[in-house]
Amino acid sequence: AETGPLRVWLEDWSLQEDAAGAWRLRAAEEDVALELELRPLKPVVLNGERGLSRKSAGPGNASYYYSISRFDTHGILRAAGRSYTVSGHSWLDREWGTSALADDQQGWDWFALQLSDGADIMFYQLRRKDGTIDPFSKGTLIEPDGSYAPMAAYDVELEVLETWTSPRGARYPSRWRMRVPARDLTLDIRPVLPDQELDVSVRYWEGAVEVSGERGAERIAGRGYVELVGY
């Protein structure tokens, strides 16, 4: 890795910042390849307490965590011998630490949502083994102008409306209603595809979602990403 300008690489995979401030991402594996240009539309967001994201009351159960929640993105995707011109909005999360969950915690439901009114939401709900929600659940609401505010567990109401059972046996939430009463925001969140389960060293569900809802009297839509761990 190098800084000034940023350059991070692993063999022929690379992320590099150019003189104009755009990030160029290149990666290829077998018959799939990406070449993307990403331009930040919002500044860095420090999640938690100035970037320290505590996951429980126990010492060490924390991470450092920042986000850039919206990049204007375009480029080329190559797959199975064909090339596709792609465009959209990307999200960068960077999180690191030495510990994850406390002994009484089972897993988490993590949401990154980009809304059509320009706002973005990051929220994670930590689940305890006894079925309750840990009060250390929290998130960040990022406004269209890049200003942001933390959200505590009690600021967000998350209701599971549907579930999906994997052919490999796990049962996951597969539709949610998210409410942020203080912001007059109600969202309906649905997976783009039911089966986005990853069976790797830890089996979990991680994938794309579509969003619809209201903020006050205004109808909004959106897209996002959800991670479900501990099911």
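Structure: above.
Just so you know, the residues in each chain are numbered from 1, in the order the chain's sequence is written. With pLDDT at 70 or above as the cut-off, local features in this predicted model cover only qualifying residues; side-chain atom pairs require 80 or more to be listed or tallied, and sums for whole chains, interfaces and linings still use all residues. Side-chain descriptors were evaluated using all non-hydrogen atoms of the structure, hydrogens and water having been removed beforehand.

1. With respect to the nonpolar core
What makes a nonpolar core is a set of buried Ala, Val, Leu, Ile, Met, Phe, Trp, Tyr and Cys residues whose side-chain atoms join them at distances within 4.5 Å. Here the term buried applies to any residue with accessible area under 20% of the maximum for its type, exposed to any over 50%, and partly exposed to those in between, with areas from a 1.4 Å probe on protein chains only. With 25 residues, the main nonpolar core has Leu 113, Leu 115, Ile 121, Met 178, Leu 187 and Ile 189 as its most contacted residues. Excluding anything up to four places from it in sequence, Ile 189 contacts Phe 111, Leu 113, Arg 175, Trp 176, Met 178, Val 209, Glu 210 and Val 211. Ranked by size, the runner-up nonpolar core spans seven residues in total, among them Trp 110, Ala 112, Met 122 and Tyr 124. Here, two residues are considered to be in contact whenever any of their heavy atoms come within 4.5 Å of each other.

2. Considering the layout of surface pockets
One number sums up the size of the largest pocket: a volume of about 730 Å³. A cavity here means a set of 1 Å grid points, computed over protein atoms only, where a 1.4 Å probe fits but cannot escape. A pocket is an open set with protein on both sides within 12 Å along at least 5 of 7 lines, and lining residues have an atom within 4 Å of a point. Along its surface, the largest pocket is lined by 24 residues, and His 89, Ser 90, Trp 91, Gly 224 and Tyr 225 are the ones closest to its centre. The way it works is that DSSP assigns letters per residue, a run of H or I at least four long becomes a helix, a run of E at least two long becomes a strand, and they are numbered from the N terminus. For the lining of the largest pocket, the secondary structure elements donating two or more residues are β8 (82–96), β9 (105–115), β17 (203–215) and β18 (218–229). Of the residues forming the lining of the largest pocket, the biggest block, seven residues, is contributed by β8. Grouping the amino acids of the lining of the largest pocket by side-chain chemistry returns 10 nonpolar, 10 polar and four charged. Grid points are joined across faces, edges and corners, and a volume is the space filled by probe spheres set on the points. When residues are grouped by polarity, Ala, Val, Leu, Ile, Met, Phe, Trp, Tyr, Cys and Pro land in nonpolar, Asp, Glu, Lys and Arg in charged, and all others, Gly among them, in polar.

3. Points about the pairing of β17
Taken together, the seven bridges between strand β15 (residues 185–191) and β17 define a ladder with antiparallel strand orientation. Its bridge partner lying in β17, Ile 189 is registered against Val 211. Only strands that DSSP links by at least two bridges are regarded as paired with each other. Pairing geometry for strand β16 (residues 197–199) and β17, over three bridges, is antiparallel. Considered in β17, the bridge of Glu 197 is made with Trp 205. Hairpin connection, β16 to β17: the antiparallel pair is bridged by three residues. Here β17 runs beside β18; their pairing, made up of 11 bridges, is antiparallel. Paired with Gly 207 across the bridge in β18 is Val 226. Here β17 hands over to β18 after two residues, with Gly 216 in that stretch at a positive phi of 65 degrees.

4. Concerning the environment of Asp 104
As for its placement among the helices and strands, Asp 104 is situated in the loop between β8 and β9. Owing to a relative accessible area of 41%, Asp 104 belongs among the partly exposed residues under this scheme. Among residues more than four places away in sequence, those in contact with Asp 104 are Arg 128 and Lys 129.

5. Quick look at a nonpolar patch on the surface
Together, Val 44, Leu 46 and Tyr 148 make up a nonpolar patch on the protein surface, roughly 250 Å² of accessible area in all. Structurally, the position occupied by Val 44 is in the loop between β4 (32–40) and β5 (45–46). Taking the relative accessible area as the measure of exposure, Val 44 reaches 42% and is therefore partly exposed. To count toward a patch, a residue needs a relative accessible area over 30% and no salt bridge; like charges are then connected within 9 Å, while nonpolar side chains (Val, Leu, Ile, Met, Phe, Trp, Tyr) are connected within 5 Å. All accessible areas in this document rest on Shrake-Rupley with a 1.4 Å probe, and a residue is counted as covered only by the protein chains that are shown. Any Lys or Arg side-chain nitrogen located within 4 Å of an Asp or Glu carboxyl oxygen qualifies as a salt bridge.

6. Focus: the packing of aromatic side chains
When two rings of Phe, Tyr or Trp (its six-membered ring) have centres within 6.5 Å they constitute a pair, described as stacked for plane angles under 30 degrees, edge-to-face for angles over 60, and tilted for the intermediate range. Counted according to the given criterion, the structure contains six aromatic pairs. A ring pair is formed by Tyr 66 and Trp 96, whose centres lie 6.2 Å apart and whose planes are at 80 degrees; its orientation type is edge-to-face. With a gap of 30 residues between them, Tyr 66 in strand β7 (residues 62–79) and Trp 96 in strand β8 connect regions that are remote in the sequence. An aromatic cluster of three or more residues is present, and its members are Tyr 64, Tyr 66 and Trp 96. Only lysine NZ and arginine CZ atoms are considered, and such an atom sits over a ring when it is within 6 Å of the ring centre and within 35 degrees of the ring normal. A cation sits over an aromatic face here: Arg 7 above Trp 9, 3.9 Å from the ring centre. The ring of Tyr 231 has Arg 127 sitting right over it, with the charged end atom 3.8 Å from the ring centre.

Scope: geometric values only; no functional claims are made or implied.
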